[in-house]
Amino acid sequence: MISSPLMTVMVDAVRKAARGLKRDFGEVENLQVSRKGPGNFVSAADRKAEEVLRDALMKARPGYGLVLEENGVIEGQDKSHTWHVDPLDGTTNFLHGIPHFAISVGLERDGQIVAGVIYDPIKDELFVAERGKGAYLNNRRLRVSGRIDMADALAAYGTPYLGRGNHPRLLREVAAVMAVSGGTRRLGSAALDLAYVACGRLDLYWERDLQTWDMAAGIILVREAGGFVSSADGASEALATRSVACGNEVLHRELVGILRKCNA
Ligand code: IPD
Ligand code: CA
Ligand code: CA
Ligand code: CA
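Residues numbered from 1 in each chain as written. Chains lettered and ligands numbered in written order. Predicted model: local features only at pLDDT ≥ 70, side-chain atom pairs only at ≥ 80, totals over all residues.

Quick look at the UniProt feature "binding site: Mg(2+)" (unreviewed entry) in the protein chain
Reasoning step 1: Under the UniProt annotation, "binding site: Mg(2+)" (unreviewed entry) lies at Glu69, Asp86, Leu88, Asp89 and Asp214. The annotated residues occupy 146 residues of the chain but converge on a single region, no pair of C-alpha atoms lying more than 9.8 Å apart.
Reasoning step 2: The buried category is assigned to Asp86, around which 33 C-beta atoms lie within 10 Å.
Reasoning step 3: Setting aside its immediate chain neighbours within four residues, Asp86 contacts Glu69, Ile103, Ser104, Ala191, Trp213 and Asp214.
Reasoning step 4: Of note, Asp89 is situated in strand E5 (residues 78-89).
Reasoning step 5: Apart from residues no more than four positions distant in its own chain, Asp89 is found in contact with Phe101, Ala102, Ser104, Ser189, Ala190, Ala191 and Asp214. (UniProt positions renumbered as here; feature names shortened; annotations may be inferred. Buried ≥ 20, exposed ≤ 12 C-beta atoms within 10 Å, placed from the backbone. Contact = placed C-beta atoms within 7 Å. Helix = DSSP H or I, 4+ residues; strand = E, 2+ residues; numbered from the N terminus.)

Details of the nonpolar core
Here is a general trend for soluble globular proteins: nonpolar side chains tend to be buried in one another's company.
Reasoning step 1: Counting 80 residues, the largest nonpolar core has Leu194, Ala198 and Leu221 as its most contacted members.
Reasoning step 2: There are two domains that each give this core at least three residues, and those are domain 1 (5-141) and domain 2 (150-262).
Reasoning step 3: Contacts of Leu221, omitting those with residues within four sequence positions, involve Gly116, Ile118, Phe127, Ala129, Ala135, Leu194, Ala195 and Ala198. (Core = buried A, V, L, I, M, F, W, Y, C linked by C-beta atoms within 7 Å. Domains from an automatic or database assignment.)

Looking at the sheet that holds strand E13 (residues 204-207)
Reasoning step 1: With mixed pairing, five strands are arranged side by side in an open sheet as E12-E11-E13-E15-E14. Two strands bound the open sheet, and with one partner strand each, they are strand E12 (183-185) and strand E14 (228-230). Across the sheet, the axes of successive neighbouring strands diverge by a mean angle of 15 degrees, strand direction being ignored.
Reasoning step 2: As paired elements, strand E11 (residues 154-157) and E13 share three bridges and run parallel to each other. The residue of E13 that forms the bridge with Tyr157 is Trp206.
Reasoning step 3: On the sheet, helix H5 (residues 190-198) packs against E11, E13 and strand E15 (244-247) and is oriented at approximately 150 degrees with respect to E13. (Pairing = 2+ DSSP bridges. Axes fitted to C-alpha atoms, helices over the stretch in contact; angles between N-to-C directions.)

Focus: the domain arrangement of the protein chain
Reasoning step 1: Looking at the protein chain, the domain boundaries give domain 1 (5-141) and domain 2 (150-262).
Reasoning step 2: A straight line from the C-alpha centre of domain 1 to that of domain 2 covers 21 Å.
Reasoning step 3: Counting from both sides, the interface comprises 34 residues of domain 1 and, opposite them, 25 residues of domain 2.
Reasoning step 4: Elements that contribute at least two residues to the side of domain 1 that touches domain 2 include exactly E5, helix H3 (91-95), strand E6 (102-109), strand E7 (112-120), strand E8 (125-130) and strand E9 (134-137).
Reasoning step 5: The biggest single contributor to the side of domain 1 that touches domain 2 is E7, with seven residues.

The following block contains the structure:
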């Protein structure tokens with residue numbers, strides 16, 4: 001485990017918000033739900049968890065800015081630090097009673113993600129990483145998978161909300177990866193997809209049209225676990241392009257090559 005004042009702040013905030021999520025998951029049919037766009041829902045559970053996170057993070061680090069999925073941007077006096085907060089990543093799973101969702105909090109310092117926490121309250125799995133200090137799941141140090149044969153690899157991807165994203169391109173990419181990999185999955189939480197690459201459950205993951213709060217924490221987890229993270233085309237930083245491709249060095253290179261070929 002990482003013991004630092006920063007980690008304590010992040011873990012305490014996330015655990016506090018998770019208590020509400022767990023309670024609300026048990027009574028999901030009574031939750032107030034609204035639609036942000038076609039197929040894109042937000043519930044009282046998302047909003048309540050975000051308030052808990054916002055209050056805890058602002059109290060512990062008063063000057064830092066925040067990018068909050070449900071409440072937008074709060075500018076801080078300290079211009080070098082920004083939290084990226086997803087109070088409930090996997091809302092669709094949550095609202096359908098599928099126990100696969102997480103809280104994700106990442107800290108950006110001068111343009112770099114320096115710490116991340118992703119917590120799955122149902123499985124009680126806490127993923128943490130801090131720059132230079134490694135990545136952990138509960139108390140276990142993480143390492144990305146060592147598989148280098150694409151035919152053995154398990155690859156996850158994300159699908160966009162109704163009416164969003166480039167469906168023909170995604171279908172081409174999924175077909176191309178299905179044709180050469182050991183298997184494909186769409187699990188429904190970008191944060192957990194990244195965390196699962198960090199801990200070696202998944203060998204690869206790619207997705208486009210994400211937001212910084214979906215991936216900030218996961219990016220540092222994968223990197224601190226020895227993995228490679230880039231934009232989906234492999235040419236830029238994930239955070240800047242809001243797209244991601246990740247895995248170990250060998251499979252990441254191969255995945256990016258496959259995706260590029262699909263779009264050539
Ligand atoms: C979504 C999930 C999903 C991904 C979407 C995200 P939300 O986040 O991470 O896996 O495919 O792009 O928006 O809305 O559940 O926090
Ligand atoms: Ca959402
Ligand atoms: Ca999300
Ligand atoms: Ca969310």
